[in-house]
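# Remarks on the overall topology
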Amino acid sequence: MRDIGLRMHFFRFLLLSLWAAAFGAQAGLPDYQSFPASGDRLVLWVASERGRAEPELRAAQRLAEQGTEVWSLDLVNAYFLPQLPSSMDELPPQDLADWLRAAQAGGKRVVVYAVARAAVPVLRAVALLDPAQRNRLCVMLMYPNLYTAAEPLAEPDYLDVGKLSGLRVRVLQPRRSAATPWLPGQLDRLALHGAEVSSVILENLREGYWARETPTEFEVAESQRMDAMLLRELNTWGCK
Amino acid sequence: MKRLLTVLALGLLFNAGGQAAGFEARERLPAPELRASDLKGASKTLADYRGKVVVLNFWASWCPPCLREMPSLERLRLKMAGRPLEIVAVDSAETLEEVSAYLSRMKLGFPVLLDADGSNTRRWKVFALPTTFLLDAEGRIRYVLTGPTEWDEGEALRVIESLLAELPQQGKP
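Residues numbered from 1 in each chain as written. Chains lettered and ligands numbered in written order. Predicted model: local features only at pLDDT ≥ 70, side-chain atom pairs only at ≥ 80, totals over all residues.

To continue, consider the overall build of chain B. When you go through chain B residue by residue, the secondary structure sums to five helices and eight strands. Ordered by position in the sequence, the α and β elements of chain B form the string α-β-β-β-β-α-β-α-β-α-β-β-α. By sequence separation, contacts in chain B at least 24 residues apart represent 75% of the contacts at least 6 residues apart. (Helix = DSSP H or I, 4+ residues; strand = E, 2+ residues; numbered from the N terminus. Contact = placed C-beta atoms within 7 Å.)

What follows is the structure in structure tokens.
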């Protein structure tokens, strides 16, 4: 009987600890992994709703070795959320806005790199920044998904992400994606929110090519040189 | 209690199985324009298939679920030989070379059309691949399916047979 009582206490303690941990994780800045570097550029890498994959961490490490500091954020993990696009829509933009301000306060040139539906909380956070803070920021979106609904035979509906005036956005779109024919519509939508938009097509790649179950040889090779791709895009874009 | 739970569980299972394919019925919707070319470069429109039930499948050679359902589309073609059914596969936003590379490995007996610039994909509002439209003999959209299925059996076959049955005489096996 005493044994059962002890077990009950233990489970109560365990549940309380989990609740406290979840609450703690949601308060203030989200928990991120840092890859320090001495260069003057800081990339805020926000993983997709599917979570952070190993090749992304390796690329972040390699970027740091080449002088670009990276803060890597896995939102579904940080907020204990299911790996679903809708999870991204529920995140508190204020937390992310604070994170962006903290990054800018370091004095480095800050570039946010958000994957898939992570574009939504990132853009909503950017919309909360002062115009001067927003003007100093660059955002790269890897195959962003900004739809509320996209059903066959119907015009797509887009989420409201807020005011993006003065923000420079570059969209990276893998060619082999059902979203590629819809890229102009997404770019128009971002421009409508006030962003200065440009895009690049990544040939012979599919969405999430670094975490595919059956990747092509080319996708495997590109996963291993994701750092080079990002540096190339950053330099080509010339967001300064 | 145990029996009740078993009945509930079985009910859920059968219900889920019955809706697995997820065909959405449409109220005889006018179809958007289709302007594509076949692999030899000849222009094709929906008018080329008027008088037949049409399975219009948007796909791409890089899309694993699309390739998974292709063999069942070919089996459907063989099963329906001689009946007024046309299967048309519209490749979304790829080049002739990319499509040909796949077709050299997978022999398909139904027409494959190219939508190289993605304009048909946009006109038909296709946001996911595969997406398939079932058209009646008058060219109206009757069902839409997003995602893959086994076309030669189950709900897919029942839906196709129901459209063929609307055709007097010709629709019968």
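Here we come to the sheet that holds strand 9 (residues 196-206) of chain A. All names here are of chain A. Read across the sheet, seven strands follow the order 1-3-2-4-5-8-9 without closing on themselves; strand pairing throughout is mixed. Edge positions in the sheet fall to strand 1 (33-35) and strand 9, since each of these pairs with one other strand and no more. Put simply, the sheet's adjacent strands are angled 20° from each other on average, direction ignored. Note: strand 8 (residues 168-176) against strand 9, eight bridges, orientation parallel. Counterpart to Arg170 in the pairing with strand 9 is Ser198. (Pairing = 2+ DSSP bridges. Axes fitted to C-alpha atoms, helices over the stretch in contact; angles between N-to-C directions.)

Now for the interface of chain A and chain B. For interface size, the figure often reported is the accessible area lost on association. With 12 residues of chain A in contact, the opposing surface of chain B contributes 18 residues. Here the residues of the side of chain A that touches chain B are counted per class, giving eight nonpolar, two polar and two charged. (Nonpolar A, V, L, I, M, F, W, Y, C, P; charged D, E, K, R; others polar.)

All names here are of chain A. In contact at an axis separation of 8 Å, helix 2 (residues 54-65) and helix 10 (residues 226-237) are set at 60° when each is read in the N-to-C sense. Overall, the two elements helix 2 and helix 10 adopt an arrangement that is oblique. By crossing handedness, the relation of helix 2 to helix 10 is classed as right-handed. Across the interface between the two elements, Pro55, Ala59, Arg62 and Leu63 of helix 2 pack against Met226, Asp227 and Leu230 of helix 10. (Parallel < 35°, antiparallel > 145°, perpendicular 65-115°, else oblique. Left-handed = near helix turned anticlockwise from the far one by under 90°.)

The next point concerns unusual backbone geometry. For the peptide bond that leads from Leu129 of chain B to Pro130 of chain B, omega is -5°, which places it in the cis range. Secondary-structure assignment places Pro130 of chain B in the loop between helix 4 (119-123) and strand 7 (131-135). A positive phi angle, near 60°, is found at Asn204 of chain A, a position not held by glycine. As for its position among the elements, Asn204 of chain A is in strand 9.

Residues and elements named next belong to chain B. The mixed open sheet is built from eight strands, whose spatial order is 1-8-7-4-5-6-2-3. Looking along the sheet, the strands with just one partner apiece sit at the ends: strand 1 (24-30) and strand 3 (43-44). By the bridge criterion, two bridges tie strand 2 (residues 36-38) to strand 3 in an arrangement that is antiparallel. Bridging from a neighbouring strand, Ser37 pairs with Ser43 of strand 3. Where helix 5 (residues 154-164) meets the sheet, its contacts fall on strand 4 (53-59), strand 5 (85-92), strand 7 and strand 8 (140-146), and the angle it forms with strand 4 comes to roughly 140°.

Residues and elements named next belong to chain A. Looking at the element boundaries, Ala78 is found in helix 3 (residues 75-78). Residue classification places Ala78 among the partly exposed positions, given that 18 C-beta atoms sit within 10 Å. When the C-alpha positions of Ala78 and Leu29 are compared, they lie 9.9 Å apart, and in sequence the two are 49 residues distant. (Buried ≥ 20, exposed ≤ 12 C-beta atoms within 10 Å, placed from the backbone.)

A separate point is the confidence of the model for chain B. Residue and element names in this part refer to chain B. With 85% of its residues at a pLDDT of 70 or more, chain B has an overall mean of 89. Taken as a whole, residues 1-20 scores under 50 in pLDDT and shows zero contacts with residues more than four places along the chain or in a different chain. In the predicted assembly, ipTM is 0.84 and pTM is 0.86. (pLDDT = per-residue confidence, 0-100.)

With that settled, consider the confidence of the model for chain A. All names here are of chain A. On average, residues of chain A carry a pLDDT of 90, and 88% of them reach 70 or more. A low-confidence stretch, residues 1-6 stays under pLDDT 50, and its non-local contacts, those more than four residues away or across chains, total zero contacts. Under a pLDDT of 50 for its full length, residues 18-27 has, in the predicted model, six contacts with residues more than four places off or in other chains.

As a further point, take helix 6 (residues 119-128) of chain A. Burial within helix 6 of chain A is extensive, with eight of its 10 residues counted as buried. Among the residues of helix 6 of chain A, those classed as buried are Ala119, Val120, Pro121, Val122, Leu123, Arg124, Ala125 and Val126 of chain A.

To continue, consider the packing of helix 5 (residues 93-105) of chain A against helix 6 of chain A. Residues and elements named next belong to chain A. The interhelical angle for the contact between helix 5 and helix 6, taken along N-to-C directions, is 70°, at an axis separation of 8 Å. Here helix 6 runs roughly perpendicular to helix 5, going by the angle between their axes. Handedness of the crossing formed by helix 5 with helix 6: right-handed. Along its contact with helix 5, which presents Pro93, Gln94, Leu96, Ala97 and Leu100, the element helix 6 presents Pro121, Val122, Arg124, Ala125, Val126 and Leu128.

Another point: the pairing of strand 6 (residues 112-115) of chain B. All names here are of chain B. Relative to strand 6, strand 2 runs antiparallel, the two sharing two bridges. Residue pairing for strand 6: Asp38 is matched across the bridge by Leu113. When strand 5 meets strand 6, the two strands line up parallel, connected through four bridges. Residue pairing in the sheet places Ala89 in a bridge with Val112 of strand 6. Assessed by its sense of winding, the connection that carries the chain from strand 5 through helix 3 (residues 96-103) to strand 6 is right-handed. (Right-handed = clockwise from strand over helix to strand, strands pointing away.)

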